[in-house]
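# Structural overview for review
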Amino acid sequence: MPSRITTVFTNSKVVIAAGSALMIALMVTLTIIGLSHMASINHNMESITRQHNARVDLLVSMRRIVRERSLSMYSIYLTMDPFQRDDEYIRFHGLAESFIKLRNQLEAMGLLAQQMPVYEQGLALIRRSAPLQSKIVDRMINGELTDVYALMSAIDLPLEKAILTTFDQLVNLERQASNEAVRSAKQKYLEAYWFMLALGVLMALTATLIAFLVVRRTSVIEQALAQAKEHAEVTLHALGEAVLTADAHGNVVYLNPAAERLTGWPSVEAHGKPLQQIYCLQEEATSLPFSHPAFTGQIHGPVAGLQQHATLTNRNQDQFIVNDLASPLCTKNGEVFGTVVISRDVTQERLMSQQLSWQASHDSLTGLLNRNEFEVRLKQLIQDAKLSGKHHALMYMDLDQFKIVNDTCGHFAGDELLKQLSQLLLPTIRESDTLARLGGDEFGLILEGCQLTQASEIAQQMLDLVQDFRFVWHDKTFSIGMSIGLVAITSNNKDLVSTLSAADAACFIAKDKGRHRVWIHHTDDDDVVQHKGEMEWVSRLNEALDTDCFELFVQHVKPIKRPLDGCYHEILLRLKQADGNLISPMAFIPAAERYGLMTAIDRWVIRHAFQWLSQHKAAYKRTDIFAINISGQSLADPQFLPFCVNEYKRRSIVPGQVCLEITETAAIANWSHANQLFASLKDMGFKFALDDFGSGMSSFGYLKYLSLDYIKIDGSFVKDMAVDQVDKTFVEVINQIGHVMALKTIAEFVENEQTMNLLQKIGVDFAQGFGIHKPVALESAFAAKKLA
């Protein structure tokens, strides 16, 4: 190819040289003539411009001095400081000297004929104004200020305006002369332009003729250069990536710098060697040699997408993952004379992709599969069980002592425990099984192709393994337990959600049964049914809290000893259903207590009860007492006391009309919190009642330590006291002790007149029960009372 190009250039040398010489001669001629005309025009323009600019500058400067000299005179008049006046006086005379110098320069330069009359007029005015200004200034310096202002305003100011006007006329005349000179220069420029244009047309015609002859000769050059042009364009197009070009036999022609770095071969050394030797590829998956189409130089089509999963081993035995494209190099006739390969190192991209893929399916702390990947595999196994009838098993595992480790040693210790347990469990499972961290301290295990009996044995082995494990953190050692819920995966499983829910419920039951045990899920299991029912209650209660679907009820408590005393009213709670029916708290309180919702419910009751008391003060007497029940969970909540205080301050209620009822069992179980709550709210005026008194094991021992106002005798003693002497004795004893401690007593579960008479004889203060008053809605109860 280089020899062909050399021959073509030799044959065309004479034609191109002759044409170029003629073109150069014409261009030199045109340039010389054009430059001479332009030099003349430019010289004239520069001369005119310099003269006009100089005269304009002198005239403007002289006008400025006239103005500044007047301003200096006014400054002398206005200045009271003698030193400043002297400085201004010197400046005043200095301006006159500057004006004379500029005038001499202007006159030496010469003025235009049309400027002379105006100039003489201006000088005449200056000869009148200058002595007058000097006289005025001298009088001001000598302190003779009489009539000075009148001279300046009446005589000097008009003279100054006339002088400035003459200078403005001189500048305008100068500019008019300058514009006329420019128009003359433009005319000369146009003459030169048309002359050069004529020469240009002549040169263009000559050049066209020469170009025609050259084009005929250079057509051969274009054909010879097509191959080199194709090489250059493709190579330049991919400068940022490795570019390798080869001839039709598959031998290397060129490597760009990126290709040199990738292959480890300098372009000079690689030239002429087989491309297969320089660009050595293997399949990424099998490491077998890969036969690249470019190795033979036979690639068909404009661009061929080649191996996308290939490994390149370079000269230094370094390996890279590459993606490449190859394109044939063709003549204008379509003849293939070589190949270009564009290769890109995607090693880092592939590693990053693999890392992101791993992170998307694995837990970053333990290295186990995460919940998303676990659910994908579990869903596949559920579908497999339906199609093939195979049996699998799912274990839902929850650590029993994890919170103790976290609370005692911190979250770093908890993280380390999870990592060690993961490494402890992982070796015990088969390759076909799936162990994952589902979140927090929860793990999941899928046992593929495993019957429930065998899965139960494996679960027990894991319990034993965890039980024998000791977690050591600094100077502390912990024993860890684990509760496991086990679910069979068969064709009967409905879907992913129900299967996971069943495993979670079984794990919860295992914890509820005493922890560190396995609970196998069965559909008809009573514990499962109970757990499911409680979970449904949890959902309904959360919705009721969000949508205010609770309603306050009230049950009046009747005074026995002094009926005219203010009444005691216990505020109760009901849950409203969508159909309008009401649900007693006995139906949902167990689920609320088990799942930690009692504090939220207590807060709802206090918030709405305080709001009602604040908005309906006219509906009840000042001596009425309203009792609100408080659960043990609220007693144990450190934020409950600030909540009560905040609600009291917001609603501006009378604290002495609010009595907080706390069961004896809750008070004893949360003794320190109960004492703190009693002391704080008691100081503010709130009252307290101990509910269900007598049901605890140590009632009398704790009673004297609590700051109470009422004790409510447990209804289990009251309801049968008319027929059971033991119950009656209990009521008498509790009432007597209460009165000894200056507490008022309230008997619960009073359902008939006989029980009421006995309570009156014993001396109990209040009676409460369905025989006295059945609970009604708070709003309607006091609305009716107000009307009455």
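Residues numbered from 1 in each chain as written. Predicted model: local features only at pLDDT ≥ 70, side-chain atom pairs only at ≥ 80, totals over all residues. Heavy atoms only, no water.

### Describing the confidence of the model for the protein chain
When the pLDDT values of the protein chain are averaged, the result is 80; 86% of them are 70 or greater. In this model residues 1-9 is a low-confidence stretch, pLDDT under 50, and it forms eight contacts with partners more than four residues away in sequence or in other chains. (pLDDT = per-residue confidence, 0-100. Contact = heavy atoms within 4.5 Å.)

### Considering the pattern of salt bridges
Counted according to the given criterion, the structure contains 20 salt bridges. Salt-bridge contacts for R315 lead to E269; the nearest nitrogen and oxygen are separated by 3.0 Å. Of this pair, R315 sits in the loop between strand 5 (310-313) and strand 6 (319-330) while E269 sits in helix 6 (residues 267-270), and the two are 46 residues apart along the sequence. Residue class for R315 comes out partly exposed when judged on its relative accessible area of 37%. E269 sits in the partly exposed class, given a relative accessible area of 37%. Linked by salt bridges that have partners in common, R64, E68, E88 and R91 make up one network. (Salt bridge = Lys/Arg side-chain N within 4 Å of Asp/Glu carboxyl O. Helix = DSSP H or I, 4+ residues; strand = E, 2+ residues; numbered from the N terminus. Buried < 20%, exposed > 50% of the residue type's maximum accessible area, 1.4 Å probe, protein only.)

### Topic: a nonpolar patch on the surface
A cluster of nonpolar side chains, Y189, L190, Y193, W194, L197, V201 and L205, forms an exposed patch at the surface whose accessible area comes to about 710 Å². By the secondary structure assignment, L205 is in helix 4 (residues 148-237). (Patch = residues over 30% accessible without salt bridge, like charges linked within 9 Å, V, L, I, M, F, W, Y side chains within 5 Å. Areas by Shrake-Rupley, 256 points an atom, 1.4 Å probe, with all protein chains shown as cover.)

### Quick notes on helix 18 (residues 640-651)
If you check helix 18, its first and last C-alpha atoms are 17 Å apart, about what 12 residues at 1.5 Å a residue would give, namely 16 Å. Along helix 18, the residues classified as buried are F640, L641, F643, C644, V645, E647 and R651. In this structure, the buried side of helix 18 is in contact with helix 16 (598-615), strand 18 (625-630), helix 17 (632-635) and helix 20 (671-684). Note on helix 18: the residue one or two positions beyond its end, S652, has a positive phi of about 55°. (Expected span 1.5 Å × (residues − 1).)

### Some thoughts on the nonpolar core
Counting residues in hydrophobic clusters, the biggest one holds 72 residues, and the most contacted among them are F550, F588, I628, I662, L681, L759 and F782. It is helix 16 that provides the largest number of residues to this core, a total of nine residues. If we ignore the near neighbours within four places in the chain, the residues touching L681 are L641, C644, V645, L660, F686 and F688. (Core = buried A, V, L, I, M, F, W, Y, C linked by side-chain atoms within 4.5 Å.)

### Remarks on the pairing of strand 2 (residues 252-255)
Strand direction decides the pairing type here: strand 1 (residues 242-247) and strand 2, joined by three bridges, are antiparallel. Bridging from a neighbouring strand, L244 pairs with L255 of strand 2. Following strand 1, the chain reverses through four residues before pairing antiparallel with strand 2; G250 in that reversal takes a positive phi of roughly 85°. (Pairing = 2+ DSSP bridges.)

### Considering the layout of surface pockets
Its boundaries defined by the atoms lining it, the largest pocket holds a volume of some 1100 Å³. Lining the largest pocket are 39 residues, with E570, L572, M586, N629 and D691 positioned closest to its centre. The set of elements that each furnish at least two residues to the lining of the largest pocket consists of strand 16 (568-576), helix 15 (585-594), helix 16, strand 18, helix 19 (664-669), strand 20 (687-693) and helix 22 (715-718). Element by element, the count of residues in the lining of the largest pocket is highest for helix 15, at six residues. Along the lines of polarity and charge, the residues of the lining of the largest pocket split into 17 nonpolar, 12 polar and 10 charged. (1 Å grid on protein atoms, 1.4 Å probe; cavity = no way out; pocket = protein on both sides within 12 Å on 5 of 7 lines; lining within 4 Å. Points joined across faces, edges and corners; volume = space filled by probe spheres on them. Nonpolar A, V, L, I, M, F, W, Y, C, P; charged D, E, K, R; others polar.)

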